Amino acid sequence: MRPWSSRSPFHPAVLTHCVAVTLVLWVWGSPSLVAAERPAPDLGAGKDAYRQHCARCHGATGRGDGVDAKRFYPRPRDLALGVYKFRSTASGTPPTDENLFQTISQGLPGSNMPDWQHLDEGVRWQIVAYLRSLSPVFEKVQPAPVQLADDPGPARADHAKGKALYETLGCAACHGSAGRANGPSAGGLVDDWGMPIRPANLTQGWSYRGGHDPRSVMLRVLTGIDGAGMPSYAEALSPEEAWHLAYYVTSLQEPVHWNLVARAVRVDDSLPSAVDDPRWAEADRTDLQLDNVVNATGEWASPPTVNAASLEAVYNDEAIAFRFTWDDPTQDLHAPHDGFALLLKPVGSEGDVVTLQAWPSAGAPPLDVCYWSAERGTAWEAVATDFDSVTTPSVSTPPFLQSASGYQDGRWRMVVQRALHPNHPRGAAVVTTEAFTSIAVAVWDGGNPGSRAVSSWIDIALREP
Ligand code: HEC
Ligand code: HEC
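Residues numbered from 1 in each chain as written. Chains lettered and ligands numbered in written order. Predicted model: local features only at pLDDT ≥ 70, side-chain atom pairs only at ≥ 80, totals over all residues. Heavy atoms only, no water.

### A short note on the overall build of the protein chain
- In terms of regular secondary structure, the protein chain is built from 13 helices and 13 strands.
- Approximately 22900 Å² of the protein chain is accessible, and the part contributed by carbon and sulfur atoms is 55%.
- Seen as two clouds, the 37 positive and the 52 negative side-chain charges of the protein chain have centres 5 Å apart. (Helix = DSSP H or I, 4+ residues; strand = E, 2+ residues; numbered from the N terminus. Areas by Shrake-Rupley, 256 points an atom, 1.4 Å probe, with all protein chains shown as cover. Lys, Arg positive; Asp, Glu negative; His and termini not counted. Charge placed at Lys NZ, Arg CZ, Asp CG, Glu CD.)

Pasting the structure below:
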């Protein structure tokens, strides 16, 4: 057959062909045909696919004890308990097959559970059948889908009603009044698998595992997050009210700016030195995702409490000022106290620090560290091969940097200023219009001692107006 392109697009044979293709696609996409494609369960095939793709995390027999399991928060699920978080079914009842199919297909964003879109749909259904065989709950208890109301849509969703429900139902006890995971009950929660767990930061839509659209949030509220200590509110609110609450929660999500290059804006006069200087609004915002550094045995010690930080930067002829913002559920001014570091790569150092997950380490090159301590309320700069020599400096007067900070409702904001070409410390990084400078951040939460959250490297570029 000749390729279509060699024919006139108006050739009758081409037109007939196109119509035929369209019809076939339409029939293929119709729900009945998709359903008919679901194969008869074949446990052997499901088990083989599970062993190949899932066992390294969920374990050979599904007990959540795969070789990689201890590195992740939350841990990969123990599937033998038959407790599932993300369902459209009443609390205490198992998920539907479609819920499981969706989890496998889409993964759980914001966790280490990948999506399996690339696996053949038939294989995904065989895995669903295999997961069901791991727990007797699927035989004993029928999934009970929760009752849903029609989506009122964003225009008719009642914000004030949603906010009032958020307060009266006690969501803030765990999630905090502004949704920053800093409610009075946020610490000390333990999940059904015996691991500590933290409430979600509802301002970070990207971190919702089960979807951050109003419908997904509505389902979380009505079904609860079984196993994670988040109750179901199906008895406490009507299906209509659940939508208003879900739209309100969605409105707490803040837009994200994942830039690989952060741009500093030039100003002619002095740099902003207060956290609420209105000129920060003219600077571009860049968000950085943070991951906790795992301990020496490759495990996480406690759930992460600081997941992200954002920055804005402004410069003039002499210096550059940064404003950093990060959510930390507790303000800790005494040891163990909160802390923050901006790291810059000095030019010309031997070797490279590819990731802060692996710094400090033996033989790794020094980094320029601008460290701010909540205890001292000041910041200083050092070129060092580890954090400890900077965070607990032996000299009583390190080269201080101009800084300011404020903590409000689960959120730190901190401004720090440094010279573009510092004379000291020796070997300090330079920031110029000619080249990009690599920067990254590290955050310590005194309320979560022993944990350090770090970002990847991004570049900072000076932008002429
Ligand atoms: C890289 C590690 C990793 C791999 C590989 C992996 N998972 Fe997961 N999985 C996780 C983690 C981590 C969680 C827990 C996430 C959470 O609790 O939010 C999870 C949770 C789940 C859940 C629970 C969902 C719920 O509603 O509670 C199911 C089901 C699941 N995984 C199925 C699978 C299947 C099937 C495969 C293979 C096709 C697979 N996973 C492969 C890490 C992994
Ligand atoms: C007892 C503490 C607690 C209360 C009260 C609570 N939650 Fe949660 N919530 C949690 C925990 C813990 C998680 C994280 C679960 C996880 O990581 O698997 C969570 C997660 C969430 C998520 C994210 C789901 C996802 O897809 O990742 C949403 C949305 C949410 N809660 C909304 C609410 C709303 C709305 C209320 C009030 C009606 C509420 N929560 C009340 C503990 C609570």
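After that view of the structure, there is still more to cover.
### Topic: unusual backbone geometry
- Here the residue pair Ala335 and Pro336 is connected by a cis peptide bond, since its omega of -5° sits within 30 degrees of zero.
- As for its placement among the helices and strands, Pro336 is situated in the loop between strand E5 (319-327) and strand E6 (339-344).
- Each neighbour pair has its own omega, and for Trp359 with Pro360 the value is 0°, a cis peptide bond.
- The topology assignment puts Pro360 in the loop between E6 and strand E7 (367-373).
- Positive phi outside glycine occurs at Ala181, with the angle close to 60°.
- When you line up the elements, Ala181 lands in the loop between helix H10 (171-175) and helix H11 (214-223).
- In this model, Asp409 sits at a positive phi of 40°, which is unusual for a non-glycine residue.

### Details of the site of ligand 2
- The immediate surroundings of ligand 2 are formed by 24 residues, with Cys171, Cys174, His175, Arg209 and Met230 found nearest.
- With respect to ligand 2, the side chain of Lys85 contributes an N or O atom lying 2.7 Å from an oxygen atom.
- Of all elements in the fold, only H10, H11 and helix H12 (239-251) reach the threshold of two or more residues within the shell around ligand 2.
- When residues of the shell around ligand 2 are assigned to their parent elements, the largest contribution, 3 residues, is made by H10. (Near = heavy atom within 4 Å. Polar contact = N/O pair within 3.5 Å; in protein donor to acceptor, adjacent residues only side chain to side chain.)

### As for the packing of helix H9 (residues 159-168) against H12
- Two numbers describe how H9 lies on H12: the axes approach to 7 Å, and their chain directions differ by 90°. Classified by the angle between their axes, H9 and H12 sit roughly perpendicular to one another. Contacts between H9 and H12 involve His159, Lys161, Gly162, Lys163, Leu165 and Tyr166 from the first element and Glu241, His244, Leu245, Tyr247, Tyr248, Val249 and Ser251 from the second.
- Residues of the contact of H9 with H12, tallied by class, amount to 6 nonpolar, 4 polar and 3 charged. (Axes fitted to C-alpha atoms, helices over the stretch in contact; angles between N-to-C directions. Parallel < 35°, antiparallel > 145°, perpendicular 65-115°, else oblique. Contact = heavy atoms within 4.5 Å. Nonpolar A, V, L, I, M, F, W, Y, C, P; charged D, E, K, R; others polar.)

### Some points on the layout of surface pockets
- Within this model, the largest pocket holds a volume of roughly 1200 Å³.
- Contributing elements (two or more residues each) for the lining of the largest pocket: H10, H11, H12 and strand E3 (291-292).
- The residue inventory of the lining of the largest pocket, partitioned by class, reads 27 nonpolar, 17 polar and 6 charged.
- One number sums up the size of the second largest pocket: a volume of about 440 Å³.
- In terms of lining, the second largest pocket is formed by 25 residues, of which the most central are Trp444, Pro449, Gly450, Ser451 and Arg452.
- Of the residues contributing to the lining of the second largest pocket, the split by class is 10 nonpolar, 10 polar and 5 charged. (1 Å grid on protein atoms, 1.4 Å probe; cavity = no way out; pocket = protein on both sides within 12 Å on 5 of 7 lines; lining within 4 Å. Points joined across faces, edges and corners; volume = space filled by probe spheres on them.)

### Quick look at the site of ligand 1
- Around ligand 1 there are 24 residues in total, and Cys54, Cys57, His58, Lys85 and Met113 lie nearest to it.
- The separation between an oxygen atom of ligand 1 and a polar side-chain atom of Lys85 is 2.7 Å.
- The separation between an oxygen atom of ligand 1 and a polar main-chain atom of Phe86 is 2.9 Å.
- A molecule is said to occupy a pocket when more than half its atoms come within 2 Å of that pocket's grid points, and by this definition ligand 1 occupies the largest cavity.
- Ranked by residue count, the leading element in the shell around ligand 1 is helix H4 (residues 55-58), at 3 residues.
- Residue classes in the shell around ligand 1 are distributed as 14 nonpolar, 5 polar and 5 charged. (Sits in = over half its atoms within 2 Å of the grid points.)

### Some thoughts on the coordination of the iron atom of ligand 2
- Coordination sphere of the iron atom of ligand 2, protein contribution only: His175 (NE2) and Met230 (SD), at 2.0 to 2.1 Å.
- Met230 sits in the partly exposed class, given a relative accessible area of 22%. (Donors = N, O, S within 2.8 Å, 3.2 Å for Na, K, Ca; no water. Buried < 20%, exposed > 50% of the residue type's maximum accessible area, 1.4 Å probe, protein only.)

### Concerning the nonpolar core
- Of all hydrophobic cores here, the largest spans 34 residues; its most connected members are Ile320, Phe322, Phe324, Trp326 and Phe340.
- Residue assignment for this core shows that the elements contributing at least two residues are strand E1 (261-266), strand E4 (308-315), E5, E6, E7, strand E10 (411-419), strand E11 (437-444) and strand E13 (458-463).
- One finds Leu202, Tyr208, Met218 and Tyr247 within the second-largest nonpolar core, a separate group that totals 25 residues. (Core = buried A, V, L, I, M, F, W, Y, C linked by side-chain atoms within 4.5 Å.)

### Concerning the domain arrangement of the protein chain
- When the domains of the protein chain are assigned, the result is domain 1 (4-35), domain 2 (38-140), domain 3 (153-251) and domain 4 (261-463).
- Computed over C-alpha atoms only, the centres of domain 2 and domain 3 are separated by 24 Å.
- Each partner contributes to the interface: domain 2 provides 21 residues, whereas domain 3 provides 20 residues.
- Approximately 1600 Å² of surface area, both sides summed, lies buried where domain 2 meets domain 3, with 59% of it carried by carbon and sulfur atoms.
- Considering only the side of domain 2, the residues that lose the most area to domain 3 are Tyr73, Lys85 and Phe86, jointly responsible for 33% of the buried surface there.
- The interface formed by domain 2 and domain 3 includes 1 salt bridge.
- Residue Arg87 is joined to Asp226 by a salt bridge in which the shortest nitrogen-to-oxygen separation is 3.2 Å.
- Between the two partners, domain 2 and domain 3, sit 7 residue pairs in polar contact (both at pLDDT 80 or more). (Domains from an automatic or database assignment. Buried area = accessible area lost by both parts, 1.4 Å probe. Salt bridge = Lys/Arg side-chain N within 4 Å of Asp/Glu carboxyl O.)

### Structural notes on helix H3 (residues 43-53)
- Residues of H3 that are buried: Gly46, Ala49 and Tyr50. Down the axis of H3, the buried set is contained in an arc of 105°. They therefore lie on one face. In this structure, H3 carries Asp48 and Gln52 as exposed residues pointing more than 90 degrees from its buried face.
- In this fold, the buried residues of H3 make contact with H4 and helix H6 (121-133).
- Taking the backbone nitrogen of Gly44 as reference, a side-chain oxygen 3.2 Å away marks Asp42 as the first, capping residue of H3. (Arc of directions from axis to C-beta.)

### Brief notes about the packing of helix H5 (residues 97-106) against H6
- Following both chains from N to C, one finds H5 and H6 inclined at 120°, their axes separated by 9 Å at the closest point. If you check the angle between H5 and H6, you find them oblique. Two packed elements cross with a definite hand, and for H5 against H6 that hand is right-handed. Between H5 and H6, the contacting residues are Asp97, Glu98, Leu100, Phe101, Ile104 and Ser105 on the first element and Glu121, Arg124, Trp125, Ile127, Val128, Leu131 and Arg132 on the second. (Left-handed = near helix turned anticlockwise from the far one by under 90°.)

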